[in-house]
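The residues making up each chain are set out below.
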Amino acid sequence: MGEQQMAFGACLAFIVNPAAHSGKGRRLWEQTEHILKKHGVSYEGFLSEKKGDIAAIAKRLTASLAEGEERTLVLLGGDGTVNEALQGICNFDRVRLGYIPTGSSNDLARDMGISTKLEEALRPFLEEGEECRMDLGCVSWQENGVARKRRFLVSCGIGYDAAVCAEVLSSKMKRYLNRLGLGKFTYLGIGLKRMLAAEYAKASLRLDKEKTVHLRRMLFTACMLHRFEGGGFCFCPQADAQDGLLDLCVVDGVPKWKFPVIIPFALRGKHFRFRGVTPYRASRIDIRTDAPLWIQTDGEVPGKSNRLVITNEKQKVRFVVSRVL
């Protein structure tokens, strides 16, 4: 038993989305098992079969931890897999989270420097990895009179970016581009396609219950813990996932014809030079819009609303990495 076993022992559990990256997730899990066995790592593997399974597995593994007991969950999938697992995790103070990126966007991995090469991504679990603390976001809203809540680790958005995510999730284009290894371009292609149909909204943003920003023609507001979303758009280049703050990218009053001009700059985090694209920062954001708009959390689309409360729990998540961020 090496240092890895001393660090993680029998509590190392892999939660696998075999459908990730248009079905490549299962093949990557088989490769992962081969590597784990080669290195003599003790583990458990849990594969999802349908939507909701990942959250249910995460809940089952973490809900009844005894006093002093800890679990290490390693998620093998895309950003959506991480997002679903967050909804089920209990006892965050006793749970360590690891990530093997096998999705098409991998924005979390991009920001954290986690390799998409399998053995490199597994290194923290083959050797003794280090733990860093990361912020956890939460969005709350009402839908048809029912209170709803969803956690996120990368970003939460309302408006155009969420509408793009809604189409991406059912897109044949994504499946085709994934097979070519170009899945991250799905967001760009659908984003340009939806631009002509995009709707503006009147909105207000309340920052930390102090400052109110009034928007007359909001296209979208992205609230970021990490720098990237949508397959590599650096919407908030100053975002720090450990500072307890939400970084905002607000697009208001930008004509549709100009947005394709801005997009290349957003890939490099240079888009705030354009009028109508504005950064803000707060630990709590209250958003009100004049009509219900799509909401996204880490690329998943849980519904529509015109009233959101978005908060940040500072360093709530214990994340296992190869190096301290």
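Residues numbered from 1 in each chain as written. Predicted model: local features only at pLDDT ≥ 70, side-chain atom pairs only at ≥ 80, totals over all residues. Heavy atoms only, no water.

(A) Seen up close, the overall build of the protein. Secondary structure summary: the protein contains 11 helices and 13 strands in total. For the protein, the proportion of its 325 residues judged to be buried stands at 56%. In the protein, once contacts between residues fewer than 6 apart in sequence are set aside, the share between residues at least 24 apart is 72%. Total accessible area computed for the protein in this model is approximately 14,700 Å², and 49% of it derives from carbon and sulfur atoms. (Helix = DSSP H or I, 4+ residues; strand = E, 2+ residues; numbered from the N terminus. Buried < 20%, exposed > 50% of the residue type's maximum accessible area, 1.4 Å probe, protein only. Contact = heavy atoms within 4.5 Å. Areas by Shrake-Rupley, 256 points an atom, 1.4 Å probe, with all protein chains shown as cover.)

(B) Main features of the side chain of Gln296. Along the polypeptide, Gln296 turns up in strand β12 (residues 284-297). Residue classification places Gln296 among the buried residues on the basis of a relative accessible area of 1%. A polar atom in the side chain of Gln296 sits 3.2 Å from the backbone nitrogen of Asp298. Here the side chain of Gln296 touches Gly299 through a polar contact of 2.8 Å, landing on its backbone nitrogen. Setting aside chain neighbours within four positions, we find Gln296 in contact with Ser155, Cys156, Gly157, Asp161, Ala162, Cys165, Glu229, Val301 and Pro302. (Polar contact = N/O pair within 3.5 Å; in protein donor to acceptor, adjacent residues only side chain to side chain.)

(C) A look at the packing of aromatic side chains. Considering all chains together, one arrives at 10 aromatic pairs under this definition. Seen in terms of ring centroids, Phe14 and Tyr43 are 6.2 Å apart; in terms of plane orientation they differ by 85°. Their pairing is edge-to-face. Here the residue Phe14 occupies a position in strand β1 (residues 12-16), and Tyr43 occupies one in the loop between α2 (20-38) and β2 (44-47), the gap between them amounting to 29 residues. Taking the relative accessible area as the measure of exposure, Tyr43 reaches 19% and is therefore buried. (Phe/Tyr/Trp six-rings, centres within 6.5 Å; stacked < 30°, edge-to-face > 60°.)

(D) Spotlight on helix α8 (residues 160-168). With eight of nine residues buried, α8 lies mostly within the body of the structure. Turning to α8, its buried residues number three or more, namely Tyr160, Asp161, Ala162, Ala163, Val164, Cys165, Glu167 and Val168.

(E) Expanded view of the pairing of strand β9 (residues 211-224). Inspection of the sheet shows strand β7 (residues 155-159) paired to β9 by five bridges, in the antiparallel sense. Bridge pairing in β9 links Gly157 to Ala222. Pairing geometry for strand β8 (residues 201-207) and β9, over six bridges, is antiparallel. By the bridge assignment, Ala201 is partnered in β9 with Met218. Hairpin connection, β8 to β9: the antiparallel pair is bridged by three residues, and Asp208 has positive phi, about 50°. (Pairing = 2+ DSSP bridges.)

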